[in-house]
Amino acid sequence: MTYAMKLAAPFLLATLASAQVAQAGSATGIMNVSVNVHSSCTVSAVALNFGSITPGSATDAQGSIGAACTTGTTYKITIDGRQLFG
């Protein structure tokens, strides 16, 4: 071991021995936040099943259509120009 290393070793050991461990703390306060929620809707529908039909005759079927939108969002659901919801 060189002379410089002999002098540095005790200094390094003393430094490591006196090192303090950081500890987590907590704090309370007020933090201002803001958010912009964009309007959006999810539309769902159940498939229509007309079953067996006779060509040229009127056949009815029932199904459902729904919408779930963010609060305050206006919407309109139309089929063939006829408004169903909204």
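Residues numbered from 1 in each chain as written. Predicted model: local features only at pLDDT ≥ 70, side-chain atom pairs only at ≥ 80, totals over all residues. Heavy atoms only, no water.

## Overview of a nonpolar patch on the surface
Together, Y75, I79, L84 and F85 give the surface a local cluster of nonpolar side chains, amounting to about 330 Å² of exposed area. One can find F85 in strand 4 (residues 82-85). (Patch = residues over 30% accessible without salt bridge, like charges linked within 9 Å, V, L, I, M, F, W, Y side chains within 5 Å. Areas by Shrake-Rupley, 256 points an atom, 1.4 Å probe, with all protein chains shown as cover. Salt bridge = Lys/Arg side-chain N within 4 Å of Asp/Glu carboxyl O. Helix = DSSP H or I, 4+ residues; strand = E, 2+ residues; numbered from the N terminus.)

## Digging into the confidence of the model for the protein chain
Per-residue confidence for the protein chain averages 79 on the pLDDT scale, and 73% of its residues sit at or above 70. Within the protein chain, strand 1 (residues 41-45) carries the highest mean pLDDT (92), whereas helix 1 (residues 3-18) carries the lowest (55). (pLDDT = per-residue confidence, 0-100.)

## A short note on the environment of V43
Within the secondary structure layout, V43 lies in strand 1. Through-space distance from the C-alpha of V43 to that of G66 is 5.7 Å; in sequence the pair is 23 residues apart. Those residues in contact with V43 that lie beyond four places of it in its chain are I65, G66 and A67. (Contact = heavy atoms within 4.5 Å.)

## Overview of the pairing of strand 4
Pairing between strand 3 (residues 77-79) and strand 4: 3 bridges, direction antiparallel. Bridged to I77 within strand 4 is F85. Following strand 3, the chain reverses through 2 residues before pairing antiparallel with strand 4; D80 in that reversal takes a positive phi of roughly 50°. (Pairing = 2+ DSSP bridges.)

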